[in-house]
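Coordinate analysis (summary)
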Amino acid sequence: MNRRDLRAAFANLNIWKAGEKRAPNKPLLVLWAIGRCLGGMDRWTSYKVVDTELRILLRRFGPPREIVHTEFPFWRLQHDDVWEVREASHISIGPGGDARIGSLIEENAHGGFPKEIYDDLIDDEQLAVGIADDLVDAHFPSTLHADILKAVGIHSRFECVRRRPRDSLFRAKVLDAYDHRCAVCAFALRLNKEPIGLEAAHIKWHMARGPDQIANALSLCALHHRLFDAGAFTLSLDRRVVVSNAADGPSLIDVLGHFESREMFLPKSEKNFPDEQFLKWHRSEVFKSFADVN
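Procedures and definitions
Residues numbered from 1 in each chain as written. Predicted model: local features only at pLDDT ≥ 70, side-chain atom pairs only at ≥ 80, totals over all residues. Heavy atoms only, no water. Patch = residues over 30% accessible without salt bridge, like charges linked within 9 Å, V, L, I, M, F, W, Y side chains within 5 Å. Areas by Shrake-Rupley, 256 points an atom, 1.4 Å probe, with all protein chains shown as cover. Salt bridge = Lys/Arg side-chain N within 4 Å of Asp/Glu carboxyl O. Helix = DSSP H or I, 4+ residues; strand = E, 2+ residues; numbered from the N terminus. Buried < 20%, exposed > 50% of the residue type's maximum accessible area, 1.4 Å probe, protein only. Expected span 1.5 Å × (residues − 1). Contact = heavy atoms within 4.5 Å. Polar contact = N/O pair within 3.5 Å; in protein donor to acceptor, adjacent residues only side chain to side chain. Axes fitted to C-alpha atoms, helices over the stretch in contact; angles between N-to-C directions. Parallel < 35°, antiparallel > 145°, perpendicular 65-115°, else oblique. Left-handed = near helix turned anticlockwise from the far one by under 90°. Nonpolar A, V, L, I, M, F, W, Y, C, P; charged D, E, K, R; others polar.

Notes on a nonpolar patch on the surface
Residues Phe187, Leu189, Leu191 and Ile196 make up a contiguous nonpolar surface patch of about 340 Å² in total accessible area. Checked against the element boundaries, Ile196 lands in the loop between strand 5 (194-195) and strand 6 (198-202). By relative accessible area, Ile196 is classed as partly exposed at 36%.

Rendered as structure tokens:
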């Protein structure tokens with residue numbers, strides 16, 4: 001497989017789909033495995049290790065789920081022709097065609113990139129990092145890219161390739177709708193008459209097919225944008241700030257606690273208020289809590 005075909009193969013992973021639900025299990029496993037390659041580690045990794053490491057990544061960067069499945073990407077990546085399970089012929093298969101977790105553990109199953117792909121990634125760091133950049137750009141907002149790559153041991157030095165054109169005027173429209181202030185903390189600062197430190201945050205992520213519409217956006221300071229995308233807080237359907245019960249630390253009160261249950265600063269026009277459908281998506285697919293926030 002040439003370099004271009006290899007990059008395309010990873011870009012076209014078959015991702016599980018069920019309505020609007022996020023499923024970054026495969027991308028996160030691939031990113032973690034690429035990090036191992038760049039670290040010079042063996043291409044084979046036991047399922048037990050994958051289960052531990054991928055579970056951490058999914059809890060941090062995946063959607064809030066009571067049950068985290070690490071066995072699915074470990075087994076299903078084989079169908080994308082970018083992964084092998086060394087003991088595949090000995091693994092017991094369940095009714096749905098997936099490996100049984102008990103069998104993966106009992107057989108001490110090991111998975112990894114096929115040797116040809118592994119060698120290509122080892123030999124060409126730019127290719128490996130380019131694939132990683134493609135994956136984070138396709139499945140996560142830019143506010144999380146650096147954290148994800150750092151978590152898997154990848155140091156990106158290359159530009160991400162955008163999969164869809166962005167509305168160049170989107171930020172200006174959103175900031176203007178919110179009167180150039182953060183919807184949470186009302187931060188508002190200008191430098192040479194231009195707003196600084198404010199960003200247009202998608203409620204339903206761009207890579208999840210969230211539209212470039214003001215009703216799917218918030219004007220947020222850089223800090224609250226990052227916290228919103230990380231799931232540290234969300235908005236209830238009556239547009240009040242809801243802080244995750246998973247958030248803690250010395251800065252919690254100052255950064256989020258003071259705004260708990262407060263109504264956000266709304267746009268000047270009611271037609272630009274955050275749309276309920278996008279708020280529901282953020283609550284179910286990003287917000288790091290299982291509590292009801294109605």
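Don't stop here, the text continues.
Some words on helix 7 (residues 125-139)
Look at helix 7: 21 Å from first C-alpha to last across 15 residues, which is about the 21 Å you get at 1.5 Å a residue. Most of helix 7 is tucked away, with 12 of its 15 residues classed as buried. Contacts from the buried residues of helix 7 go to helix 1 (3-11), helix 2 (25-38), helix 6 (115-123) and helix 8 (142-151). At the N-terminal end of helix 7, a side-chain oxygen is found 3.2 Å from the backbone nitrogen of Gln126, two or three residues along, and the residue is Asp124.

Examining the pattern of salt bridges
Two side chains with opposite charge may pair up if their charged atoms get near one another. Taken as a whole and judged by the stated rule, the model has 13 salt bridges. Among the ionic pairs, Lys204 bridges to Glu20, the shortest N-O distance being 2.3 Å. Placement of Lys204 in the loop between strand 6 and strand 7 (217-221) and of Glu20 in the loop between helix 1 and helix 2 is noted, with a sequence separation of 184 residues between them. Look at Lys204 and you get buried, because its relative accessible area is 10%. For Glu20, a relative accessible area of 48% puts it in the partly exposed group. Put simply, Asp238 and Arg240 hold a salt bridge, and the shortest N to O gap is 3.5 Å. Exposure remark for Asp238: the relative accessible area of 43% places this residue in the partly exposed category. In this structure Arg240 comes out as partly exposed when scored by relative accessible area, which is 35%.

So, the packing of helix 7 against helix 8
At a closest axis distance of 10 Å, the pairing of helix 7 and helix 8 adopts a crossing angle of 135 degrees. In terms of orientation, helix 7 lies oblique with respect to helix 8. The two elements helix 7 and helix 8 meet at a crossing, and its hand is right-handed. Facing helix 7, whose interface residues are Ala132, Asp133, Val136 and Asp137, helix 8 presents His145, Ile148 and Leu149. Among the residues forming the contact of helix 7 with helix 8, the class breakdown is four nonpolar, one polar and two charged.

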